[in-house]
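Descriptive structure summary
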Amino acid sequence: MSRFEYRKQSHNPPKLLLSVCVFILILFLFIQGISSVSDSTRQRQRESLENAIMRNVTYCYTVEGAYPESLDYLKDNYGLLYDEDLFFVDYRISGANILPDVTIIEREGK
């Protein structure tokens, strides 16, 4: 009849500690993976924005014979859209027939 008797199983503290440590390690690796994917996505967004701006600038020059005078001109007339909370775009012109200087800066805290 001893096989039907209920015995309290004591938890082995080293096994419990090992389980908690493994869980924390897996959680840490998961968070690091998400952060890495997020950084990669932002880098791709930045590259895509840079390509879109340069494509619109050259298209405007081709069609109108002069580079756009401002970034707002590209937004209004050529459909340029981007997340202004995520990126700051510095657009500086030097002249009507000189390629503008475009600098894209990622905003912190986003």
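In the block above lies the structure referred to throughout.
These lines cover the structure that appears in this document, whether it is placed above or below. Just so you know, these numbers come straight off a predicted model, no measurement behind them.

**Description of the overall build of the protein chain**
Within the protein chain one finds two helices and two strands. Listing the helices and strands of the protein chain from first to last along the sequence gives α-α-β-β. For the protein chain, restricting intrachain contacts to residue pairs at least 6 apart in sequence, the fraction spanning at least 24 positions comes to 41%.

**Digging into the packing of aromatic side chains**
Summed over the entire model, instances satisfying the criterion amount to three aromatic pairs. Ring plane angle 20 degrees and centroid distance 4.3 Å describe the contact between Tyr61 and Tyr67, whose orientation is recorded as stacked. Given a relative accessible area of 18%, Tyr67 falls into the buried group. Among the aromatic side chains, those forming a connected cluster through ring pairs are Tyr59, Tyr73 and Tyr78.

**Thoughts on helix 1 (residues 13-64)**
Here helix 1 is 52 residues long and its end C-alpha atoms lie 76 Å apart, about the 76 Å a rise of 1.5 Å per residue gives. Here the buried face of helix 1 lies against helix 2 (71-78), strand 1 (87-92) and strand 2 (101-106). Remark: Gly65 follows helix 1 within two positions and exhibits a positive phi of approximately 85 degrees.

**Some words on the nonpolar core**
Residues Leu49, Ile53, Leu71, Leu74, Leu80, Tyr82 and Val89 are the most contacted members of the largest nonpolar core, which totals 16 residues. Where this core is concerned, the elements lending two or more residues are helix 1, helix 2 and strand 1. For this core, the leading source of residues is helix 1, giving five residues. Setting aside its immediate chain neighbours within four residues, Ile53 contacts Leu71, Leu74, Leu80, Val89, Val102 and Ile104.

Calculation notes
Residues numbered from 1 in each chain as written. Predicted model: local features only at pLDDT ≥ 70, side-chain atom pairs only at ≥ 80, totals over all residues. Heavy atoms only, no water. Helix = DSSP H or I, 4+ residues; strand = E, 2+ residues; numbered from the N terminus. Contact = heavy atoms within 4.5 Å. Phe/Tyr/Trp six-rings, centres within 6.5 Å; stacked < 30°, edge-to-face > 60°. Buried < 20%, exposed > 50% of the residue type's maximum accessible area, 1.4 Å probe, protein only. Expected span 1.5 Å × (residues − 1). Core = buried A, V, L, I, M, F, W, Y, C linked by side-chain atoms within 4.5 Å.

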